[in-house]
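Observations on chain architecture
Read off the chains here:
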Amino acid sequence: MTLSDWIQEHLFQTYVTWHMKSPLYNSKGFHIDGINNSLKAMEDGIITYTELYPPYAVQGCTSMKARVGKSSAMMDLYLELEGKCYVIKNMTYAEGIRIMRDFVKKRVLPERSRYVETVEFDKHALEESFAELAQLLIGDSEQVKQFMSRVQVDSMELIDDSWYDLYEVLLACNVAADLSLKIDKESLVDVVERLAGPKGLSVNEASLDEDGFSTQWIEAINSSWQGYNLIDMDIGTDYYVLLVLSDEEFKRAEVLSRMLFHRMVLAEKA
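I will try to describe carefully the structure that is included in this document.

Reading guide: rules and limits
- Residues numbered from 1 in each chain as written.
- Predicted model: local features only at pLDDT ≥ 70, side-chain atom pairs only at ≥ 80, totals over all residues.
- Heavy atoms only, no water.
- 1 Å grid on protein atoms, 1.4 Å probe; cavity = no way out; pocket = protein on both sides within 12 Å on 5 of 7 lines; lining within 4 Å.
- Points joined across faces, edges and corners; volume = space filled by probe spheres on them.
- Helix = DSSP H or I, 4+ residues; strand = E, 2+ residues; numbered from the N terminus.
- Nonpolar A, V, L, I, M, F, W, Y, C, P; charged D, E, K, R; others polar.
- Buried < 20%, exposed > 50% of the residue type's maximum accessible area, 1.4 Å probe, protein only.
- Expected span 1.5 Å × (residues − 1).
- Arc of directions from axis to C-beta.
- Contact = heavy atoms within 4.5 Å.

Quick look at the layout of surface pockets now. Its volume calculated, the largest pocket comes out at about 470 Å³. In this structure, the largest pocket is lined by 19 residues; those nearest its centre are Lys70, Tyr78, Lys89, Met259 and Phe261. Every element with two or more residues in the lining of the largest pocket is listed here: strand 4 (61–68), strand 5 (75–81), helix 4 (123–138) and helix 9 (247–259). Partitioned by chemical class, the residues of the lining of the largest pocket number nine nonpolar, three polar and seven charged. In terms of lining, the second largest pocket is formed by 15 residues, of which the most central are Pro23, Asp234, Ile235, Gly236 and His262. When residues of the lining of the second largest pocket are assigned to their parent elements, the largest contribution, three residues, is made by helix 6 (residues 156–172). Per-class residue counts for the lining of the second largest pocket are nine nonpolar, three polar and three charged.

Considering the arrangement of structural elements, one finds Glu82 in the loop between strand 5 and strand 6 (84–91). The class for Glu82 is exposed, based on a relative accessible area of 68%. For the pair formed by Glu82 and Gln59, sequence separation is 23 residues and the distance between their alpha carbons is 8.9 Å.

Turning to helix 4, a few remarks are in order. Taking 1.5 Å of rise per residue, 16 residues should cover 22 Å, and helix 4 covers 22 Å from first to last C-alpha, within 8% of that figure. For helix 4, the set of buried residues is Leu126, Ser129, Phe130, Leu133, Ala134, Leu137 and Ile138. All buried residues of helix 4 project into a common sector of 135 degrees when viewed along the axis, lining one side. Among the structural elements, helix 5 (141–148), helix 6, strand 10 (239–246), helix 9 and strand 11 (263–266) are those in contact with the buried residues of helix 4.

The values are spatial; any link to function lies outside them.
Take a look at the structure:
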């Protein structure tokens, strides 16, 4: 460690040689409170994972990764330790923050008795989740088959790539549309009418406040429909990816997307 790195770490709590990765941040160097902020974003449902990589193995550990658990109120903690993967399931976010901060600040790991050997990615479960979600959203079995031939789940980067590929398929099938958060009312209505028409839904443009903005208009549209909503497929960009789903479709899509470490949310809350 250089003198400059030591000063950054011990005086300013900034870890310039460590790497943090999440859907919101992917770079070397972060303030220790970035861990709190990132896991709070996980707890709030904004992101689904946070990863830490030390500049050298800490007690044999080369990475520590927090992921949203089966219950959104809990998280799972993964450790890559001497070439093997271990996990502590169903941890509170408060404890996860403490453990990840201790990993960075004190160079310590949780008690060995707490974590068990596992595989980092359950490929079969992830592929099943992608297939079910694709069938739910696309509907056409041949297109789903073509999409699944490209799905890869061996790393978070490949899962992200497959998620983006699903987004592109949905656009090509006219099941989804992407649009700017600053879209004008007339353009928004045109897009929504195109998505909603096949489901027998329409938009009363006159009921939308002329001086409003996209979130308000989407909330008003959702309030006017019975059993359907505009949903945003989060691909980590600053624009909407809109779909029209029934309440039951959205309920299942929300669960499946979380299992794939991504989000589908009511567009008005995106």
